[in-house]
Amino acid sequence: MLNIFALQKIEALKTLIEPTRAKLLAHPIYAQIQELKHLQVFAKYHVFAVWDFMSLLKSLQNNLTCTTIPWQPKGSANTRFLINEIVTGEESDIDAFGNRTSHFELYLQAMEQMGASSKEIQLLLNFLSQGLPIAQALDRIILPAGVKDFLNYTFHIIRKPIHVQAAVFSFGREDLIPDMFLGLLHEVAKIHPDKLDGFIYYLERHIEIDGGHHSHLAMEMVAELCGDNDAKWLEAGLAAQKSLEKRIKLWDAILELI
């Protein structure tokens, strides 16, 4: 539960990033996706943002909880609870049929249903399974500059202090799907009724879980990690703002391909 001080700091951070967030939500890419082929291109590259979100999530868990043996208490029990609950939802949510799956795997299923290529993301996963560092793996894959820049920024953040990681996770990645976009998808789905129900389910589940309950947990986590340290709050806000700027560049790159 956030106290008055924490609520004030959260609101100040939101005020700082609001102009960039508003620009992102008004991005022309949403209006441009009006055919299945447009959505296929979008998903082909957006999946990388879904995947690296999971990497940021696991970095938070590794830093805020004990994931080594022998186990020992680490950090605050409250932050352990917050991150572990988010991990549970992200790694083992349910699909439309009640089967356990991660949000990333749910996205891949939606891509397969709509006929979007997953070649590049599968290549990345294959290189990583061979033990290649992320930078080398990305160098071996042909991706738009805006996509690679987005990924590189995420892994740059993963090397930063934990309060910065938490801020980017909480404010740079959640609640970024405008209602208008879902409306357009439902119109496309009328033309392709057997192609998009998986993707629409993913987005609606994402909004329901990530933009709702998980968003509140994540903000509480940021407040606990920043505490009453003004310097940490400023670092958190600036990092979140830059992550939104990187997302705009990602959308620019995908829009150009569409």
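Calculation criteria
Residues numbered from 1 in each chain as written. Predicted model: local features only at pLDDT ≥ 70, side-chain atom pairs only at ≥ 80, totals over all residues. Heavy atoms only, no water. Helix = DSSP H or I, 4+ residues; strand = E, 2+ residues; numbered from the N terminus. Rg over C-alpha atoms; globule rule 2.2 N^0.38 Å. Buried < 20%, exposed > 50% of the residue type's maximum accessible area, 1.4 Å probe, protein only. Contact = heavy atoms within 4.5 Å. Areas by Shrake-Rupley, 256 points an atom, 1.4 Å probe, with all protein chains shown as cover. Lys, Arg positive; Asp, Glu negative; His and termini not counted. Charge placed at Lys NZ, Arg CZ, Asp CG, Glu CD. Salt bridge = Lys/Arg side-chain N within 4 Å of Asp/Glu carboxyl O. Phe/Tyr/Trp six-rings, centres within 6.5 Å; stacked < 30°, edge-to-face > 60°. Core = buried A, V, L, I, M, F, W, Y, C linked by side-chain atoms within 4.5 Å. Bend = angle between axes of the 7 residues up to and from the residue. Polar contact = N/O pair within 3.5 Å; in protein donor to acceptor, adjacent residues only side chain to side chain. Axes fitted to C-alpha atoms, helices over the stretch in contact; angles between N-to-C directions. Left-handed = near helix turned anticlockwise from the far one by under 90°. Nonpolar A, V, L, I, M, F, W, Y, C, P; charged D, E, K, R; others polar.

**Q** Would you mind showing me how to read the overall build of the chain here?
**A** Secondary structure summary: the chain contains 12 helices and 2 strands in total. Counted from the first residue to the last, the chain has its helices and strands arranged as α-α-α-α-β-β-α-α-α-α-α-α-α-α. Here the C-alpha atoms of the chain give a radius of gyration of 18 Å, agreeing with the 18 Å that 2.2 N^0.38 yields for 258 residues. A total of 258 residues make up the chain; the buried ones form 51% of that total. Residue pairs in contact within the chain that sit at least 24 positions apart in sequence constitute 75% of those at least 6 positions apart. Accessible surface for the chain amounts to roughly 12,200 Å². Of this, 55% is attributable to carbon and sulfur atoms. The average position of the 24 basic charges and that of the 31 acidic charges among the side chains of the chain differ by 7 Å.

**Q** I tried to follow the pattern of salt bridges on my own but got confused; where do I start?
**A** Oppositely charged side chains can pair when the atoms bearing their charge come close. Counted according to the given criterion, the structure contains 8 salt bridges. For Lys9, the salt bridge identified is with Asp230, shortest N-O distance 2.7 Å. Highlighted residues: Lys9 in helix α1 (residues 4-25) and Asp230 in helix α12 (residues 230-257), separated in sequence by 221 residues. Residue Lys14 is joined to Glu11 by a salt bridge in which the shortest nitrogen-to-oxygen separation is 3.9 Å. Placement of the pair is Lys14 and Glu11 together in helix α1, with a separation of 3 residues, close to one helical turn. In this structure Lys14 comes out as partly exposed when scored by relative accessible area, which is 29%.

**Q** Mind showing me how you'd approach the packing of aromatic side chains here?
**A** Using the criterion set out here, one finds 9 aromatic pairs in the structure. Considering the side-chain rings of Tyr30 and Trp251, the 6.2 Å spacing of their centres and the 85 degrees angle between planes classify their relative orientation as edge-to-face. In this pair, Tyr30 is assigned in helix α2 (residues 29-32) and Trp251 in helix α12, connecting sequence segments 221 residues apart. With respect to class, Tyr30 is no different from Trp251; both count as buried. Ring centres of Phe53 and Phe169 lie 4.8 Å apart, and the angle between their planes is 15 degrees; this geometry places the pair in the stacked category.

**Q** Even after reading the chapter, I still don't get the nonpolar core, so can you show me in this structure?
**A** Considering soluble globular proteins, one finds that nonpolar side chains tend to be buried as a cluster. By size, the foremost hydrophobic cluster in this structure holds 85 residues, and its most contacted members are Leu39, Phe42, Tyr107, Phe169, Phe181, Phe199 and Met221. If you tally residues by element for this core, the top one is helix α3 (residues 36-64), at 16 residues. For Tyr107, the contacting residues outside a window of four places in its chain are Phe42, Ala43, His46, Val47, Val50, Phe199 and Tyr202.

**Q** Please clarify how α1 should be interpreted in this entry.
**A** Count 3.6 residues to each turn of an α-helix, and residues three or four apart come out pointing the same way. Along α1, the sharpest kink reaches roughly 50 degrees, centred on Glu18 and followed within four residues by the proline Pro19. Within α1, burial applies to Ala6, Lys9, Ile10, Leu13, Ile17, Thr20, Arg21 and Leu24. A distance of 3.2 Å separates the backbone nitrogen of Phe5 from a side-chain oxygen at the start of α1, and that oxygen is part of Asn3.

**Q** Could you clarify how one ought to interpret helix α9 (residues 162-171) in this entry?
**A** Among the 10 residues of α9, 9 are classified as buried, and the element is accordingly described as predominantly covered. His163, Val164, Gln165, Ala166, Ala167, Val168, Phe169, Ser170 and Phe171 are the residues of α9 that are buried.

**Q** Mind showing me how you'd approach the environment of Ser59 here?
**A** Counting through the fold element by element, Ser59 comes out in helix α3. For the pair Ser59 and Ile162, spaced 103 residues apart in the sequence, the C-alpha separation amounts to 8.7 Å. Ignoring any residue separated from it by four or fewer positions in sequence, one finds Ser59 in contact with Ile158, Ile162 and Gln165. At 2.6 Å, the side chain of Ser59 and the side chain of Gln165 are in polar contact.

**Q** Looking at this structure, I do not really get the packing of α3 against α9. What am I missing?
**A** Any two packed helices are characterised by the angle at which their axes cross and by the distance between the axes. Interaxial distance between α3 and α9 falls to 10 Å at its minimum, and their mutual angle equals 145 degrees. Along this stretch, α3 crosses α9, giving a crossing that reads as left-handed. Residue-level contacts link Phe53, Leu56, Leu57, Ser59, Leu60, Asn63 and Leu64 of α3 to Ile162, Gln165, Ala166, Val168 and Phe169 of α9. The class makeup of the residues in the contact of α3 with α9 is 9 nonpolar, 3 polar and no charged.

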